[in-house]
Amino acid sequence: MRAGERSNGGATRLAVALVALALTLGLAACGGDTVGGGGNSGDAEVAKGGPVKGELTISNWPGYIDPGAGGTVAEFENETGVSLDYIEDVNDNNSFFGKLQPQLEQGESGGRSIFVVTDWMAKQMWDLGYLQELNRDDLPTVFQNLVPNLENPSFDPGRKYSIPWQSGMTGIWVDTSKAPDIKSVNDLFDPKYKGKVTFLEEMRDSVPLVMKAEGVDPEEATNEDWEKAIEKVKGAAQSGQIRAFTGNNYTEELTAGNIVAAIGWSGDASIVENPNAEWRMPTEGCVLWSDNMVIPVGAPNTPAALGWMEFVYEPEVAADLTEYITYVSPVDGVKDLLSNSNPQLAKDPLVFPSAEFQENCSTQDSPPDVESVSAAWADTVAG
Amino acid sequence: MSRRQRLVPYWLLGPGLLWLLLFFVVPMYFMGELALRSGSLTTGFTFTWEWANFPDSLSGHTEQIVRSFFYAGTATLLALAIGYPLAYAIAFRAGRFKLLLLFAVIAPFFTTYLIRTIAWKTILSDDSPLVGVLQALALVPEDGRVLATPAAVIAGLTYNFLPFMILPLYANLERLDMRLIEAAKDLYASSRTAFLKVTLPLTMPGIVAGVLLTFIPAFGDYINAQLLGGTGQAMVGNVIQSLYLNQRDYPEAAALSFLMMALILVVVSVYIRFAGTGAFMGDEDERERV
């Protein structure tokens, strides 16, 4: 009797296992054949214009907007009646892309209608077919007020899919009370500051600065130049010279007093709560970049998204933004407005940099062979 | 027994099996399939039986794997060293404070894991009073630090997984028949002998369960290394995260995850063998065999 039960149980168990297997295979068959791929074959969807209303979700970097009741979000909501969900969940381009890529691949944007990403990432998303094209006629204010030097960037001539949010420079943040003599990226490798400096996780920020300090022009750099600079950083990471690789959170390390210097972005004064910290132009120059608003595929309510772009390109709104976030505005006329209301800021070279100030700076670029160089960099960061 | 009655246990298993199928077997299948793809993000990943992903995923990452074993192992031993006396005290010495103490063990769970770890980042920051005291006591060198060191990562792991050690130990100790210890003492056993010969063997199931519940999640953890560690403290979880989110080499990330799962499975089987299945399961087969 017992033996009989056993064998019967075995049969049932086998049946259950087979059903499970069949179900699994069935589900698997429903899945797609390839992950990733796609590519933009030039027939991108065009973002629809129309009346500005309803709900809107925007993903941006932390500390990149003036908050509160008088802030830009509230003003936009009051003026248009749009209910805006403004999220600060972009801490670095790569992780943000990694998080959303599976959804974008399915033609979904995770409910968001605008992302703010850096130049090269905007191009990567466009090349993969993840972005919608923008119609110039829907954005009259934008194209009227966009500063001329950002009208035709090499990655997006004529601004087909990206509208600058803010521009900035990558250089060094220094706690002047602890390390007043740091002036060049080479100084960050000084053993005096062992374990007291951080680098940016973003390869296109950190590595070109190291190359510049070595006398290599990043815009002309070969794969070997990139790899050599990465080796140098790797050595410093392994010896403990570099404390950590960070996203935007280097500002917290500076505030907490854990570090004396960091590779960081020029406009972060508003979120570095350390009165002794200042951004310095490295003696060998900086890296120039812009963060751009893009509309992803599957974005809900694109009319409101276009409405937002139009809104932030009104000089008064842009001036308010600049006053709070202290990055370089892409909107013409901001300086004139501020020279009346905030003359000190209007003279700040970090916010309104002159050509001489940026003389030695290079525009942010990718290595010739992105894949192999990125892998070497990733191994350095995850050492 | 009618056919219907015989089927009852399987019906009862149904919900559990369905759960396992949906949330374990199916994801595992997809991950396994992903691990055998090749390609890149731009060309797309196609299924090609790419077995090479497995050795590839190990190359260059052995350091982080060994480090993960060391960190998770040390954290587990520390948790045992802290958790056992604590669970013992709560079970036998706490009297009317028993519930309160148990609550204190569980209370941190009311705050999320991430927030608690970030809080440690503040507590241990270089200019914090705590680090000042440690420096004054010469436990940390004068120009030294706590944050961004292996010690910080191990301490974080120990702290975060300690309740997983304490709770099974407590459950086990709580059921311990005190008369056995009295009997041992009647037979002239010293307290030490009674502990080693009676209490410890009888609480082995709790120890084994606690060690597994601590070691396995600690091994795969990446939050502690990311928040409390610095360069040179990345664990295998950080490598997988970087492969997935930064390099977007999904197949290699999946392959590495699979290998780590296999590795843990082997380690755990060896451990259970060594510690005795009976101790783990507390089952009757073992007793029958003996």
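Throughout, residues of each chain are indexed from 1 in the direction in which the sequence is written. Labels follow written order: the first chain is A, the first ligand is 1, and so on. For a predicted model such as this one, the threshold for reporting local features is a pLDDT of at least 70, and the threshold for listing and counting side-chain atom pairs is 80 or more; totals across whole chains, interfaces and linings nevertheless cover every residue. Only hydrogens and water are set aside; all other atoms, that is, all heavy atoms of the structure, feed into the side-chain values.

### Considerations on the overall build of chain A
Threshold: Here a helix means four or more residues in a row that DSSP labels H or I, a strand means two or more in a row labelled E, and each is numbered from the N terminus. Only protein chains enter the accessibility calculation, which uses a 1.4 Å probe; a residue whose area is less than 20% of its type maximum is buried, one above 50% is exposed, and one in between is partly exposed. In what follows, residue pairs with any heavy atoms lying within 4.5 Å of each other are defined as contacts. Only the protein chains shown count as cover for residues, and all accessible areas are computed by the Shrake-Rupley method using a 1.4 Å probe.
In terms of regular secondary structure, chain A is built from 13 helices and 10 strands. Looking at the 383 residues of chain A, the share that counts as buried comes to 53%. A sequence separation of at least 24 residues applies to 77% of the contacts in chain A between residues at least 6 apart. For chain A, the computed accessible surface area is about 15800 Å², with 50% contributed by carbon and sulfur atoms.

### Quick look at a negative patch on the surface
Residues and elements named next belong to chain A. The condition is simple: Each patch is built from residues lacking any salt bridge and having more than 30% relative accessible area; the joining distance is 9 Å for like charges and 5 Å for nonpolar side chains (Val, Leu, Ile, Met, Phe, Trp, Tyr). Counted as salt bridges are all cases of a side-chain nitrogen of Lys or Arg within 4 Å of a carboxyl oxygen of Asp or Glu. Here Asp and Glu are counted as negative and Lys and Arg as positive; His is not counted, and neither are the chain ends. Charged groups are reduced to one reference atom each: NZ for lysine, CZ for arginine, CG for aspartic acid, CD for glutamic acid.
A cluster of acidic residues, Glu 224, Glu 227, Glu 231, Asp 369 and Glu 371, forms a negative patch on the protein surface. Sort the elements by how many residues they give to the negative patch and helix 7 (residues 223–238) lands first, with three residues. Along the polypeptide, Glu 227 turns up in helix 7. On the accessibility criterion, Glu 227 (32% relative accessible area) is partly exposed.

### Structural notes on the packing of aromatic side chains
Our working rule: Aromatic pairs are defined between Phe, Tyr and Trp rings, using the six-membered ring for Trp, whenever the two ring centres lie within 6.5 Å; interplanar angles under 30 degrees are classed as stacked, those over 60 as edge-to-face, and all others as tilted. Distance and angle both matter: a charge sits over a ring if NZ of Lys or CZ of Arg is within 6 Å of the ring centre and within 35 degrees of the ring normal.
Inspection of every chain in the model, using the stated rule, returns 34 aromatic pairs over all chains. Ring centres of Tyr 64 of chain A and Tyr 327 of chain A lie 5.3 Å apart, and the angle between their planes is 80 degrees; this geometry places the pair in the edge-to-face category. With Tyr 64 of chain A in the loop between strand 1 (55–59) and helix 2 (72–80) and Tyr 327 of chain A in the loop between helix 10 (315–325) and helix 11 (334–341), this pair connects stretches of sequence that are 263 residues apart. Exposure remark for Tyr 64 of chain A: the relative accessible area of 4% places this residue in the buried category. Measuring from ring centre to ring centre gives 5.1 Å for Phe 47 of chain B and Trp 49 of chain B, while their planes differ by 65 degrees; the resulting arrangement is edge-to-face. Across from the ring centre of Phe 143 of chain A, 4.0 Å away, lies the NZ or CZ of Arg 136 of chain A, which sits over that ring. Here the basic side chain of Arg 204 of chain A rests over the ring of Trp 120 of chain A, its NZ or CZ set 3.5 Å away from the ring centre.

### What to know about unusual backbone geometry
Residue and element names in this part refer to chain A. Positive phi, normally seen in glycine, also occurs at Thr 326, with a value near 55 degrees. Here Thr 326 lies in the loop between helix 10 and helix 11. Its relative accessible area of 14% is what places Thr 326 among the buried residues.

### Thoughts on the state of the cysteines
Residue and element names in this part refer to chain A. The condition is simple: When two cysteine sulfur atoms are found within 2.5 Å, that pair is recorded as a disulfide.
Overall, the coordinates contain one disulfide over all chains when judged by the stated rule. Each sulfur in the disulfide pair Cys 286 and Cys 361 lies 2.1 Å from the other. Measuring handedness by torsion sign, the sulfur bridge of Cys 286 and Cys 361 sits at about 115 degrees and is right-handed. Separated by 75 residues along the polypeptide, Cys 286 in the loop between strand 8 (277–280) and strand 9 (287–294) and Cys 361 in the loop between helix 12 (343–346) and strand 10 (362–363) bring together distant segments of the chain. Residue Cys 286 is classed as buried on the basis of its relative accessible area of 0%.

### Thoughts on the pattern of salt bridges
Under the definition given, this model contains 16 salt bridges over all chains. Between Lys 178 of chain A and Asp 127 of chain B there is a salt bridge, with its nearest N and O atoms 3.4 Å apart. Here the residue Lys 178 of chain A occupies a position in the loop between strand 4 (163–175) and strand 5 (197–200), and Asp 127 of chain B occupies one in the loop between helix 5 (113–123) and helix 6 (129–136), the pair thus bridging two chains. The closest approach of N and O atoms between Lys 232 of chain A and Glu 214 of chain A, which form a salt bridge, is 3.1 Å.

### Remarks on the pairing of strand 2 (residues 44–47) of chain B
Residues and elements named next belong to chain B. Worth spelling out the cut-off: Any two strands with at least two DSSP bridges between them are considered paired.
Two elements, strand 1 (residues 37–40) and strand 2, share four bridges in a ladder whose sense is antiparallel. Opposite Gly 39, over in strand 2, you have Phe 45 as the bridge partner. From the end of strand 1 to the start of strand 2, which pair antiparallel, there are three residues.

### Let's talk about the nonpolar core
What counts, and what does not: Side-chain atoms within 4.5 Å link the members of a nonpolar core, which is a set of buried Ala, Val, Leu, Ile, Met, Phe, Trp, Tyr and Cys residues.
By size, the foremost hydrophobic cluster in this structure holds 122 residues, and its most contacted members are Phe 199, Met 293, Trp 308 and Met 309 of chain A. Top element by residues in this core is helix 9 (residues 302–312) of chain A. It accounts for seven residues.

### Re the side chain of Thr 57 of chain A
All names here are of chain A. Take Thr 57: it is sitting in strand 1. Note on Thr 57: relative accessible area 17%, which makes it buried. In this view, Thr 57 contacts Asp 85, Ile 87, Gly 111, Arg 112, Ser 113 and Ile 114; residues no more than four positions away in its chain are not counted.

### A closer look at the confidence of the model for chain B
All names here are of chain B. Going by this rule: The predictor's confidence in any single residue is recorded as pLDDT, a number from 0 to 100.
Model confidence for chain B is summarised by a mean pLDDT of 89, while 94% of its residues fall at 70 or above. Put simply, helix 15 (residues 284–289) is where chain B has its lowest mean pLDDT, 43, and helix 3 (residues 62–92) is where it has its highest, 96. Every residue in residues 283–290 scores below 50 in pLDDT, and together they form four contacts with partners more than four places removed in sequence or on other chains. Here the prediction assigns the complex a pTM of 0.83, and the interface score ipTM is 0.81.

### Here's the deal with the packing of helix 3 of chain B against helix 4 (residues 98–106) of chain B
Residue and element names in this part refer to chain B. Test applied: Under this scheme, a helix contributes an axis fitted over its contacting stretch, all axes are lines through C-alpha atoms, and angles between N-to-C directions fall in the 0 to 180 degree range. Orientation categories follow fixed angle ranges, with anything under 35 degrees roughly parallel, anything over 145 roughly antiparallel, 65 to 115 roughly perpendicular, and all other angles oblique. Each crossing gets its hand from how the near helix is turned against the far one by less than a right angle, where anticlockwise is left-handed and clockwise is right-handed. Gly counts as polar in this scheme, as do all residues outside two lists: the nonpolar Ala, Val, Leu, Ile, Met, Phe, Trp, Tyr, Cys and Pro, and the charged Asp, Glu, Lys and Arg.
Between helix 3 and helix 4, whose axes approach to 8 Å, the crossing angle comes to 150 degrees. One way to sum up the angle between helix 3 and helix 4 is to call them roughly antiparallel. In terms of crossing hand, the pair formed by helix 3 and helix 4 is left-handed. Only Lys 98, Leu 101, Leu 102 and Val 105 of helix 4 make contact with helix 3, whose side of the interface consists of Leu 86, Ile 90 and Ala 91. Class assignment of the residues belonging to the contact of helix 3 with helix 4 gives a composition of six nonpolar, no polar and one charged.

### Here we look at the environment of Gly 215 of chain A
Within the secondary structure, Gly 215 of chain A sits in the loop between helix 6 (203–213) and helix 7. Spatially, the C-alpha atom of Gly 215 of chain A lies 44 Å from that of Gln 106 of chain A, the residues being 109 residues apart in sequence.

### Re helix 9 (residues 191–202) of chain B
Residues and elements named next belong to chain B. The condition that has to hold: The span expected for a helix works out to 1.5 Å for each residue beyond the first. Summarising the geometry, the arc corresponds to the directions from the helix axis toward the C-beta atoms.
Helix length check: helix 9, at 12 residues, gives a terminal C-alpha distance of 15 Å against a target of 16 Å (1.5 Å per residue), a fit within 8%. Burial in helix 9 covers these residues: Ala 194, Val 198 and Thr 199. Buried residues of helix 9, seen end-on, are gathered within an arc of 85 degrees and therefore sit on one face of the element. Exposed and facing more than 90 degrees away from the buried side of helix 9 are Arg 192 and Lys 197.

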